[in-house]
Every structure is written in structure tokens, then in C-alpha cells.
Amino acid sequence: MLLTTRQLFEKCYGRYAIPAVNVFFMEEIHGLFAAAQEADAPFIVQTTPFARDYAHADMLLSMIGAAARIYPNVTYAIHMDHGYEAHIFDAIEKGGYTSVMIDASHDDFETNVARTKAVVEAAHAKGISVEAELGVLAGVEDDLTVDAEHSFYTNPQQVVDFVNATDCDSLAIAVGTSHGAYKFSGGQGLQFHILEEIQKRLPGFPLVLHGGSNVLPEVIERINAAGGQLKTDAKGVQEEEVRKAIPLGICKINIATDTRLLWTMVNREFFRDRADEFAPTTPGKIFMEEYKKFMLKKFELFGCTGKAGEFGE
């Protein structure tokens, strides 16, 4: 069942969160859809402009459509993540997406409002949900890099003004997460007082947590043991933080770094241990199974296992 993110958030708010997972290639899509069908869990499959440039939008949407036929008992939304106007209006015009994100968070407040409002008007005319962003996250995502000194937390009072001015359906906020594999080197963690203040001022409004990967130390260790050279001081969003954030309005949690690290771990270990192999399908099968296991754990953590049936009511 293909839904908008707004429809998903109306059911999950304050009770559980929906994982929003960036995908680039077939094995990820298989693993994601297979896990969701087994867990009976709703989810959001995301593509970024970077992914669209890599695989082409038609290819990505065709693979997602094929997965929906292969795994027919899934409940999901298709989201354009971190889009700019060229990508967003193309997606709205050509179809295939039920949700888009306009990322104007690096602009001043008034410009962010104006750009977001224009996207909202076009998207809502086609029944497409809109996610916006207020506040700037540090880190690296695809081809976007933001230094820590240029990041800043979301102002709760601005959230009220922004939502009222734009009519966006959900809002990504900066509360201490960061993009990429090198997170939380300062150990600050999530700023729950900001979440609490936003919920107090705007009760019931869906909030989005970008940079929601965990970055497990054991995964980094296994990558490095197989020839990788990743830094070991990264710290992602901890499980107890996720559980605490959901009742405070976090409805959507973005995952990208963890799945990239999983791919790296599987492939480095495979070719280290089986140096005579050259067929891509063998490690691909291993990755799909590991990806499925990973997502099953995320569905449990986010509290959405068994919740897909709610959307047929």
C-alpha cells in the first residue's frame, strides 16, 4: 500500500517512528522490502538527488515499483530526500513520489519560508506531502558538507512561525544529530529540551530526525579489521535516545550511514576471506540478508513492527 508520509504520521505520532531509508541499488531495495513485509512494518523509501544522478530517477522508481510487486504486503511512502527545486519540481511533474523534502535550511529564515511555501503549493496540488528543514546539521551527506561551526540548533519559536507560514506537513529539525559516519565526536547527543519545547508550542506536529544512524563501534572495528581505515571516535544516535525522542513528536528517522557501513563491512570481509571470488552476486546475497536483519532490528527499535495493518483500517 503506497501512502503519503502525512498519512503515515497521522497514525504513528507519539506512538512509534517510521524508518526512512536512503537507497541506491537493487540489493538495498530487496532487503528493505523483504524486512518490512516480514515485520509487517510501515516504512519510507528515500532517494536523494545524488542517488538519482547515480542510478537515474527512472531506474530507482522502477526498482521500487518492482519491489512493491514482489513484496505486495508492504505499507510505504516514496520520498525525495534533501531535494532542491530542480529535482523536486521534476519529481512532482513526472510522478512516482508521495513525499518530497525541500532543503532550504542554509538560507535565511525568510528565504527558507518562501522556497518551502512554493514547493508546498505545487506538491499539495498533486496530493504530495512536503517535509521542510529548519536548523542546520553538521556532517557529510552525499555531496553536501557542513562544518560544525556552520551548524546550529532549531529555534522552537521559529518552528511555530515557519509551519504556520509554509503549511509544510513535517519538519526536519537540528537537535544534535549530524550526517555521515563521523558523528557526535564531542559527545553532545540529542538536545531533548528543544524537542520538548517544540512539542509544547506545536503539539501533534510531525518532526523528523535526520542523521539517525547509530554507527555501531563493532561495525567500524570489523571494517577496519578487513582493511578499512575509518575513524573510531564516531557516535551515532543511541537506542535509548530514539526511544525517548518518539513520544516527543519524532515520527520519521532517517537512516543512510548505517546501511553504507553495512555494505562496506560485508564486502570487505567477503573479499578478504574469499580472495578467489569475483562474482558480484555472491556478496550481494549476503548483503541482502544482512540488510534484512538490520532493518528488522530497526523496526523493533522504532516500535513499528506489526503496525502496517493499522493503515488498512
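Residues numbered from 1 in each chain as written. Predicted model: local features only at pLDDT ≥ 70, side-chain atom pairs only at ≥ 80, totals over all residues. Heavy atoms only, no water.

**Student:** Would you mind showing me how to read the nonpolar core here?
**Tutor:** Side chains of a nonpolar character, in soluble globular proteins, are inclined to be buried together. Formed by 93 residues in total, the largest nonpolar core has its most connected members in Phe33, Phe43, Tyr76, Leu171, Leu195 and Phe299. Leave out the neighbours within four places in its chain, and Leu171 touches Ala132, Glu133, Leu134, Val159, Phe162, Val163, Phe205, Pro206, Leu207 and Val208. (Core = buried A, V, L, I, M, F, W, Y, C linked by side-chain atoms within 4.5 Å. Buried < 20%, exposed > 50% of the residue type's maximum accessible area, 1.4 Å probe, protein only. Contact = heavy atoms within 4.5 Å.)

**Student:** Even after reading the chapter, I still don't get the pairing of strand E1 (residues 18–22), so can you show me in this structure?
**Tutor:** For a regular strand, side-chain orientation follows a simple rule: the groups alternate between the two sheet faces. Within E1, five of the five residues are buried, leaving the element largely enclosed by the surrounding structure. Of the two faces of E1, the one holding Ile18, Ala20 and Asn22 and the one holding Pro19 and Val21 are both buried throughout. Of the strand pairs in this sheet, E1 and strand E11 (residues 250–255) are connected by four bridges, and their pairing is parallel. The residue of E11 that forms the bridge with Ile18 is Lys252. Strand direction decides the pairing type here: E1 and strand E2 (residues 43–47), joined by three bridges, are parallel. By the bridge assignment for E2, Asn22 is matched with Gln46. (Helix = DSSP H or I, 4+ residues; strand = E, 2+ residues; numbered from the N terminus. Pairing = 2+ DSSP bridges.)

**Student:** Got a minute to help me understand the confidence of the model for the chain in this structure?
**Tutor:** Interpreting fine coordinate detail is not advised for predicted regions of low pLDDT. Mean pLDDT for the chain: 90, with 90% of residues reaching 70 or above. Averaged over each element, pLDDT in the chain is lowest for strand E7 (residues 144–146) (42) and highest for helix H2 (residues 26–39) (98). A low-confidence stretch, residues 138–151 (pLDDT under 50), is modelled with 32 contacts involving residues beyond four sequence positions or located in other chains. The low-confidence segment residues 179–186 (pLDDT under 50) makes 35 contacts with residues lying over four places distant or belonging to another chain. (pLDDT = per-residue confidence, 0-100.)

**Student:** Would you take a moment to explain the environment of Ile198 for this structure?
**Tutor:** When you line up the elements, Ile198 lands in helix H8 (residues 192–201). A sequence separation of 57 residues divides Ile198 from Ile255, and the C-alpha atoms of the two residues are 23 Å apart. Not counting chain neighbours up to four residues away, the residues in contact with Ile198 comprise Thr154, Pro156, Val159, Ile173 and Leu207.

**Student:** When you look at the UniProt feature "active site" (unreviewed entry) in the chain in this model, what are you seeing that I'm missing?
**Tutor:** Look at the UniProt record and you will see "active site" (unreviewed entry) annotated at Asp81. With respect to the helices and strands, the residue Asp81 is situated in strand E3 (residues 76–83). Here the side chain of Asp81 touches Gln46 through a polar contact of 3.5 Å, side chain to side chain. (UniProt positions renumbered as here; feature names shortened; annotations may be inferred. Polar contact = N/O pair within 3.5 Å; in protein donor to acceptor, adjacent residues only side chain to side chain.)

**Student:** It is not clear to me how the packing of aromatic side chains should be interpreted in this structure. Could you clarify?
**Tutor:** In this description, a pair of aromatic rings is defined by centroid distance and the angle of the planes. Counting across every chain of the model gives eight aromatic pairs. A ring pair is formed by Phe33 and Phe43, whose centres lie 5.0 Å apart and whose planes are at 80°; its orientation type is edge-to-face. Placement of the pair is Phe33 in helix H2 and Phe43 in strand E2, with a sequence separation of ten residues. The same class applies to Phe33 and to Phe43, which are both buried. Consider the rings of Phe109 and Phe162, whose centres lie 6.1 Å apart with planes at 65°: the pair is edge-to-face. With Phe109 in helix H6 (residues 109–125) and Phe162 in helix H7 (residues 156–166), the pair connects residues that are 53 residues apart, well separated along the chain. When its relative accessible area of 23% is taken as the criterion, Phe109 is described as partly exposed. Counting every residue linked through ring pairs, the aromatic cluster contains Phe25, Phe287 and Tyr291. Above the plane of the ring of Phe192 lies Lys244, whose end atom (NZ or CZ) is 4.3 Å from the centre. (Phe/Tyr/Trp six-rings, centres within 6.5 Å; stacked < 30°, edge-to-face > 60°. Lys NZ or Arg CZ within 6 Å of the ring centre and 35° of its normal.)

**Student:** Explain the packing of H2 against helix H12 (residues 281–302) to me, please; I cannot follow it from the model alone.
**Tutor:** When two helices pack together, their arrangement is given by the angle between the helix axes and the distance between those axes. Two elements in contact, H2 and H12, have axes separated by 8 Å at closest approach and are oriented at 40°. Between H2 and H12, the interaxial angle falls into the category oblique. Relative to H12, H2 is oriented so that their crossing is right-handed. In this structure, H2 contributes Glu27, Glu28, His30, Gly31, Leu32, Ala34, Ala35, Ala36, Glu38 and Ala39 to the contact, and H12 contributes Gly284, Phe287, Met288, Tyr291, Lys292, Met295, Leu296 and Phe299. Along the lines of polarity and charge, the residues of the contact of H2 with H12 split into eleven nonpolar, three polar and four charged. (Axes fitted to C-alpha atoms, helices over the stretch in contact; angles between N-to-C directions. Parallel < 35°, antiparallel > 145°, perpendicular 65-115°, else oblique. Left-handed = near helix turned anticlockwise from the far one by under 90°. Nonpolar A, V, L, I, M, F, W, Y, C, P; charged D, E, K, R; others polar.)

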